[in-house]
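So the chains spell out like this:
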Amino acid sequence: MTVADPSALEPRLQPSGWLRYFSFSLDHKVIGLQYLVCGFFFYLVGGALAGVIRTELVSPIADFVSRDTYNEVLTLHGTVMIFLWIVPVVNGAFGNYLIPFYVGARDMAFPRLNAVAFWMIPPAGLLLISSYLLAGAAAQSGWTAYPPLSLTTPAAGQVVWILSVLLLGGSSIFGAVNFIATVLKLRRPGLKMMQLPMYCWAMLGTSLLVVLSTPVLAGVLILLSFDIIAHTGFFNPELGGNVVVYQHLFWFYSHPAVYIMVLPAFGLVSEILPVHARKPLFGYTTMVYSIMGIVFLGLIVWAHHMFTSGTPPWMRLFFTIATSFIAVPTGIKFFNWLATLWGGKIALNSAMLFSCGFILNFVFGGITGITLAQVPFDIHVHDTYYVVGHFHYIVYGGTVFVIFAALYHWYPKFTGRLLNEDLGRLHFLLTFIGFNLCFLPQHWLGLNGMPRRVAEYDPAFTTLNQVSSVGALIMAVSTLPLLLNVVVTALRGQPAGDNPWNALTPEWLTSSPPPVENWHGEAPLVAEPYGYGHAPAPALAETRP
Amino acid sequence: MQIRTAITAALATTALVGTGLLVGSRVSLLPVAASTNAPPYDSLFQVLFSIGTILFLGILIVLLYSLIRFRRRPGDVAEGLPIEGNLPLEIVWTAIPAVVILFVGIYSYDIYDRMGGMASLDHGGMHHGAMDLSGMDQVQPASTPPSSGERIWGGIGSTQAYLDQTGDGRAVATAVPPLPVEVTAMQFAFIFHYPDSAITSGELHVPVGQPVQLRMQARDVIHAFWVPEFRLKQDVIPGQPTVLSLTATRPGTYPVICAELCGPYHGGMRTSVVVHEPEDFLAWVTQNAPQVSA
């Protein structure tokens with residue numbers, strides 16, 4: 001297969017201007033931005049739900065919303081943030097926008113499948129957040145939907161939740177198939193696998209995880225819906241069902257889901273750091289192997305979420321060891337990023353600040369992750385606020401920080417204008433302070449006896465919960481400079497030129513924003529995407545008409 | 001210059017490791033220790049906290065140093081050093097974490113073994129019988145006949161830590177057989193039943209120093225039995241009996257908390273465990289045992 005024929009894009013189906021972002025566009029760049037904006041909308045929804053949770057927890061008694069509503073809110077918060085914000089944005093948005101550039105293609109391998117994958121998301125998301133109106137009650141058994149609780153809570157809301165997650169999982173599989181095909185089959189002639197930018201490898205590994213594990217989630221949720229609708233007994237102990245089997249199948253997807261949220265972020269950071277440090281990415285080959293090591297290990301660690309369930313001793317032991325060893329390939333990546341910064345010419349701009357925030361937050365979350373991998377340690381803190389603190393350090397302090405870094409880095413490519421740096425730094429400062437204030441105290445709360453998913457708690461924990469809620473408020477406020485920045489930049493932003501960062505990766509070797517066919521002429525062959533310091537930058541003029 | 005760098009690096013590493021160990025040995029973030037399981041848990045916590053502190057401070061210092069030392073000055077358009085990798089360095093930072101992880105794994109396995117985690121789950125089950133709560137509607141599990149040999153699906157089978165800590169463990173173990181307690185979890189309460197004395201209570205009462213074996217089953221949805229001061233937790237699962245063995249070491253009253261989302265009143269599903277001196281426990285048993293006419 002060679003580079004996709006631009007005429008296959010059917011220009012007559014492509015409205016121009018703003019309208020195309022609301023159309024069934026086949027252009028991977030339009031689809032990428034559709035994912036980004038749609039995801040950000042759901043980020044605000046999920047953030048509002050988090051606001052309800054943190055408001056309820058200001059006082060130790062359940063007094064802000066009803067208990068049923070509280071459980072609905074925490075269920076929707078988790079589901080929205082994972083399936084509608086982080087997974088679609090870190091995979092769908094940046095993956096669709098960047099991967100064709102990185103392999104030297106004019107579009108993804110299957111443009112129509114790509115558009116279908118995106119357009120499954122808005123209806124699934126609207127279905128989910130409107131389930132309170134549609135079904136009278138939203139799902140209230142947590143994003144994990146463990147039976148038998150999920151069999152006893154209001155059935156309609158739970159079924160709507162399952163339907164929505166199935167749609168979102170389907171979208172994710174379509175996207176993954178497309179990424180695998182594009183990276184493996186659509187590379188420009190002469191471009192070798194080991195010359196690809198690291199984000200391609202990250203997306204290849206992530207997509208393998210998606211196609212291997214998401215069907216298992218779909219299967220288990222379909223069985224769960226049979227139990228709810230048709231009163232089968234797969235997971236109903238009264239009918240001889242086994243509730244722990246559900247947990248195994250659920251976590252067989254949902255642990256890899258953590259890597260589906262984190263590996264693409266690793267890839268994006270590997271693109272951002274070399275550009276703003278003016279240095280080659282340190283240890284390219286080991287970075288590739290460590291991604292694949294994480295993919296393999298990520299598939300055999302799921303039962304560490306079940307150390308206090310009905311797991312026999314040998315199983316606890318095996319999953320402790322397998323989980324601990326993920327720290328080795330992950331550690332390699334962090335040491336390599338530090339080595340990338342060492343001896344560079346570091347520009348402390350918003351993209352770099354958010355990337356460094358990611359490194360610190362993720363290392364912290366990784367360390368608490370190693371503690372949680374140890375069975376005896378986990379037996380005390382499992383299902384407590386210690387775990388809540390841990391995974392927010394991974395998915396928010398890790399991935400969401402990278403999403404913001406990526407936004408400052410690629411916004412000039414998307415629009416041709418630079419985001420305002422002062423507002424960007426303010427955004428970083430508020431996010432970093434608010435985030436740590438919100439989630440750091442939660443570790444102590446968990447160690448000392450506060451379980452997760454509760455609307456009421458021991459009054460001894462009031463002060464730290466209030467500190468945490470103040471942090472959440474600062475996080476909410478931190479969204480304002482970002483939104484203001486986007487508006488101000490749209491009105492009178494500084495023109496960026498085609499390559500404001502003097503970057504070497506292929507998406508910068510074309511105009512900003514790029515033409516529909518990505519390059520006016522031939523796609524450039526970028527053999528050294530990180531050749532800072534020694535490779536002469538490819539002349540821009542050669543790639544333009 | 002090479003030697004100066006090496007000495008600086010060695011001094012910095014020593015200082016870092018020293019700080020980590022010092023912080024780890026002084027850290028106090030946990031509630032009081034009230035079971036034999038808690039002291040080994042707390043030493044595991046200190047070891048992990050030391051390693052975590054060394055790693056986090058090390059990375060923080062390198063990152064901040066790089067950002068300051070290698071920041072781009074205004075007007076500087078030069079590129080960074082074209083270093084693409086360094087194999088010996090990569091081997092070092094693969095091998096050191098691997099060794100540390102291996103050490104942590106072996107150490108936590110040892111702790112888990114000392115907690116009794118590797119003991120057979122059915123240990124002691126034959127003597128006292130397992131609960132058979134299937135299909136029961138009555139709150140009084142006393143009337144259910146004990147059926148021996150029912151499968152235990154998970155948990156901690158014996159309190160090995162107690163044996164280790166008292167030195168002459170075997171003698172103690174034979175002298176003090178575990179006190180069996182049947183735990184039933186339901187929305188939104190725990191019920192504790194003592195088959196030996198036929199007491200049924202909403203609070204757990206245990207004597208200090210004697211092993212206790214909780215045999216647990218849920219009636220509706222999954223719950224979890226958690227006592228932070230004991231550093232122990234076990235899910236209570238409908239259809240799959242689990243077991244949790246513990247030995248309390250400190251008299252007092254501690255919270256029993258449900259740690260698995262179980263419905264709207266999950267946050268309110270709490271009770272207490274009262275750890276008595278042995279003679280006080282006997283008094284409590286005498287006071288509360290139902291009067292059975294022989």
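Student: Lay out the overall build of chain B in plain terms, naming residues and giving numbers.
Tutor: When its secondary structure is counted, chain B shows 7 helices and 11 strands. For chain B, with 294 residues in total, the buried portion stands at 47%. Taking the contacts inside chain B whose residues are at least 6 apart along the sequence as the reference set, 69% of them involve residues at least 24 apart. Carbon and sulfur atoms make up 63% of the accessible area of chain B, which amounts to about 13,600 Å² in all.

Student: Which residues make up the overall build of chain A, and what are the values?
Tutor: A tally of helices and strands in chain A yields 17 helices and 2 strands. Computed over C-alpha atoms, the radius of gyration of chain A comes to 23 Å, within 12% of the 24 Å expected from 2.2 N^0.38 for 545 residues, which places it in the range of a compact globule. Along the first, second and third principal axes, the C-alpha atoms of chain A reach 70 × 50 × 45 Å. Within chain A, the proportion of its 545 residues that are buried is 67%.

Student: Describe the domain arrangement of chain B, with residues and values.
Tutor: Residue and element names in this part refer to chain B. What the domain assignment reports for chain B is domain 1 (2-68 + 87-114) and domain 2 (125-134 + 150-288). In this assembly, 16 residues from domain 1 lie in contact with 16 residues from domain 2. Buried area between domain 1 and domain 2, both sides added, is near 1,300 Å², and the carbon and sulfur share of it is 55%. On the domain 1 side of the interface with domain 2, the three residues burying the most area are A34, T36 and R114, jointly 43% of the side's total.

Student: Explain the sheet that holds strand 10 (residues 252-258) of chain B residue by residue, including any values.
Tutor: Residues and elements named next belong to chain B. Spatially, 5 strands are ordered 5-11-10-7-8 in an open sheet, and the strand pairing comes out mixed. In this open sheet, the two edge strands, each paired with only one partner strand, are strand 5 (204-207) and strand 8 (232-236). Across the sheet, the mean angle separating the axes of adjacent strands is 25° when strand polarity is ignored. As judged from the 5 bridges shared by strand 7 (residues 223-227) and strand 8, these two strands associate in the antiparallel manner. From the neighbouring strand, F225 faces strand 8, where its bridge partner is Q234. Sheet strands touched by helix 7 (residues 278-288): strand 5 and strand 11 (270-276). Its angle to strand 5, the strand with the most contacts, is close to 135°.

Student: Report on the interface of chain B and chain A, specifying residues and quantitative values.
Tutor: Between chain B and chain A, the residue contacts involve 81 residues of the former and 88 residues of the latter. Of the roughly 7,200 Å² buried between chain B and chain A, counting both surfaces, carbon and sulfur atoms make up 69%. Our enumeration of links across chain B and chain A arrives at 2 salt bridges. Across the contact surface, chain B and chain A share 27 residue pairs in polar contact (both at pLDDT 80 or more). Looking at the side of chain B that touches chain A, the elements that each hand over two or more residues are helix 2 (38-69), helix 3 (87-114), strand 1 (154-156), strand 8 and strand 10 of chain B. Residue composition of the side of chain B that touches chain A, by class: 50 nonpolar, 19 polar and 12 charged.

Student: So what about the layout of surface pockets? Which residues, and what values?
Tutor: Volume-wise, the second largest pocket comes out at about 1,000 Å³. Looking at the second largest pocket, it is lined by 29 residues, and the ones nearest its centre are W18, L33, V37, Y411 and V486 of chain A.

Student: Go over the environment of A496 of chain A, please, and point to the residues and values.
Tutor: Position of A496 of chain A among the secondary structure elements: in the segment after strand 2 (494-495). Non-local contacts of A496 of chain A, meaning those with residues more than four positions away in its chain, are made with P412, G416, R417 and L418 of chain A.

Student: So what's going on with a nonpolar patch on the surface? Which residues, and what values?
Tutor: Residues and elements named next belong to chain A. On the surface, a nonpolar cluster with roughly 430 Å² of combined accessible area is contributed by L44, L473, V477, L480 and L483. Tallying contributions element by element places helix 17 (residues 462-492) first for the nonpolar patch, with 4 residues. Within the secondary structure, V477 sits in helix 17.

Student: Please give an account of helix 3 of chain B that cites residues and values.
Tutor: Residue and element names in this part refer to chain B. Across its 28 residues, helix 3 extends 41 Å between first and last C-alpha, which sits within 8% of the 40 Å expected from 1.5 Å per residue. Among the residues of helix 3, E90, W93, P97, I101, V104, G105, Y107, S108, I111 and Y112 are the ones counted as buried. G116 lies just past helix 3 and shows a positive phi near 90°.

Student: Describe the sheet that holds strand 6 (residues 211-218) of chain B, naming the residues involved and giving the relevant values.
Tutor: Pairing between the strands of a sheet comes from backbone hydrogen bonds, and it takes one of two forms, parallel or antiparallel. Residue and element names in this part refer to chain B. The 6 strands lie next to each other as 1-9-6-2-3-4, forming an open sheet whose pairing is mixed. Each edge of the open sheet is held by one strand with a lone partner, namely strand 1 and strand 4 (199-201). With direction set aside, neighbouring strand axes in the sheet form an average angle of 20°. Two elements, strand 2 (residues 179-186) and strand 3 (residues 189-194), share 5 bridges in a ladder whose sense is antiparallel. Residue V183 lies in a different strand from strand 3, and its bridge partner there is F192. Seen against the sheet, helix 7 touches strand 2, strand 3 and strand 4 and runs at an angle of roughly 100° to strand 4.

Cut-offs and rules
- Along every chain, residues carry numbers that run from 1 in the direction the sequence is written.
- Starting at A for chains and at 1 for ligands, labels are handed out in the order in which the entities are written.
- Local features in a predicted model are, by the rule used here, given only for residues with pLDDT of at least 70; side-chain atom pairs are given and counted only at 80 or more, and totals for whole chains, interfaces and linings are based on all residues.
- Note: side-chain values were computed over all heavy atoms of the structure, leaving out hydrogens and water.
- Secondary structure elements follow DSSP: runs of H or I no shorter than four residues count as helices, runs of E no shorter than two count as strands, and numbering proceeds from the N terminus.
- The classification of residues rests on relative accessible area computed with a 1.4 Å probe and restricted to protein chains. Under 20% of the type maximum is buried, over 50% is exposed, and intermediate values are partly exposed.
- Contact definition: two residues touch when any of their heavy atoms are within 4.5 Å.
- Note on areas: these come from Shrake-Rupley sampling with a 1.4 Å probe, and a residue is covered only by the protein chains present in the view.
- For this measure, only C-alpha atoms enter the radius of gyration; the expected value for a globule follows 2.2 Å times N^0.38, where N is the number of residues.
- Here the limits of each domain have been adopted from an automatic or database domain assignment.
- The term buried area refers to how much accessible surface (probe radius 1.4 Å) is lost by two components on association, counted for both of them together.
- By this definition, two strands are paired if DSSP reports at least two bridges between them.
- For helices, the axis comes from a line fit to the C-alpha atoms of the stretch in contact; other axes are also lines fit to C-alpha atoms, and the angle between any two N-to-C directions lies between 0 and 180 degrees.
- By salt bridge we mean one thing: a side-chain nitrogen of Lys or Arg within 4 Å of a carboxyl oxygen of Asp or Glu.
- Any pair of nitrogen or oxygen atoms within 3.5 Å is treated as a polar contact; in protein, a donor-acceptor pairing is required on top of that, and neighbouring residues in sequence qualify only through side-chain atoms on both sides.
- Residue classes follow a fixed rule: Ala, Val, Leu, Ile, Met, Phe, Trp, Tyr, Cys and Pro count as nonpolar, while Asp, Glu, Lys and Arg count as charged, and any other residue, Gly among them, counts as polar.
- Buriedness for pockets is judged along seven lines, at least five of which must meet protein on both sides within 12 Å for an open set on the 1 Å grid over protein atoms alone, while cavities are sets there where a 1.4 Å probe fits but cannot get out, and lining residues have an atom within 4 Å of a point.
- Grid points are joined across faces, edges and corners, and a volume is the space filled by probe spheres set on the points.
- Patch rule: a residue counts if its relative accessible area is over 30% and it has no salt bridge; like charges are joined within 9 Å, and nonpolar side chains (Val, Leu, Ile, Met, Phe, Trp, Tyr) within 5 Å.
- Here the expected length of a helix is defined as 1.5 Å per residue gap, with one fewer gap than residues.

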